[in-house]
Amino acid sequence: MPRHCEAPGCGLATRAGKPFCSEHVERHPYIARLVEQLAAREEEERLVRERGVAAVASDGLTAAEILAFLRVHGDRSVPRLARDLNMDLETLELYVDALVARGLLAERRRRRRARIVGLPEEARGPRRRRARRSTPDPEREPKAAAG
Ligand SMILES: [Zn+2]
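Definitions and cut-offs
Residues numbered from 1 in each chain as written. Predicted model: local features only at pLDDT ≥ 70, side-chain atom pairs only at ≥ 80, totals over all residues. Core = buried A, V, L, I, M, F, W, Y, C linked by C-beta atoms within 7 Å. Buried ≥ 20, exposed ≤ 12 C-beta atoms within 10 Å, placed from the backbone. Helix = DSSP H or I, 4+ residues; strand = E, 2+ residues; numbered from the N terminus. Contact = placed C-beta atoms within 7 Å. Expected span 1.5 Å × (residues − 1). Arc of directions from axis to C-beta.

(A) Region of interest: the nonpolar core. V78, L92, Y95, V96, L99, L105 and V117 are the most contacted members of the largest nonpolar core, which totals 14 residues. Mapped onto this core, the elements with two or more residues apiece are α2 (61–73), α3 (78–84) and α4 (89–101). Among the elements that line this core, the one with the most residues is α4, at 5 residues. Once you skip the residues sitting within four places of it in the chain, V117 turns out to touch L70, D75, R76, V78, V96, L105, A106, E107 and R108.

(B) Up close: α2. For α2, spanning 13 residues, the distance from its first C-alpha to its last is 18 Å, which sits close to the expected 18 Å at 1.5 Å a residue. At its buried positions, α2 is contacted by α1 (29–51), β1 (76–77), α4 and β3 (114–118). G74, located one to two residues past α2, shows a positive phi value of around 85 degrees.

(C) Broad picture of unusual backbone geometry. A positive phi is found at A16, a non-glycine position, where the angle reads about 55 degrees. The phi dihedral of N86 is positive, around 55 degrees, even though this residue is not glycine. With respect to the helices, strands and loops of the structure, N86 is situated in the loop between α3 and α4.

(D) Geometry of α4. Relative to the 18 Å expected for 13 residues at 1.5 Å per residue, α4 spans 18 Å between its end C-alpha atoms, a close match to the ideal helical length. The complete set of buried residues in α4 reads L92, Y95, V96, A98 and L99. Buried residues along α4 cover an arc of 165 degrees about the axis, so they all sit on one side. α4 presents E90 and A101 as exposed residues on the side facing more than 90 degrees away from its buried surface. For α4, the secondary structure elements touched by its buried residues are α1, α2, α3 and β3. Directly beyond the C-terminal end of α4, a positive phi value near 80 degrees is found at G103.

Note that every value here comes from positions in space, so none of it alone points to a role or purpose.
See below:
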């Protein structure tokens, strides 16, 4: 049964049973939330560039992304992390300063002028084990051979 766009006055048939046509896809609550989050994130990063480390929200999206990336991929130099996260290096340096000062990130050592950062030891072990138990990943943890 074809579905029609729910945007007022539109009524175009949509693809794959979606509630909105491609023109109005931003009305979808999921997309609207993403757009909102992106805007909040850009606004926070702008404030960090303007005001420095004090504007870094430890529980904000950018901090969460930095910490999640390092949890999954392990230690990184800050310039490489900037490339991996597609972030401006100077802005990322401010986030790293703030997160290191608050004990959420650890600075391991320096390679030439670049800092190598990762999760603090106490944040790594237990969290990893817990994550593994709750979300087994068949790609990474092949089943033990039967018998
Ligand atoms: Zn539409």
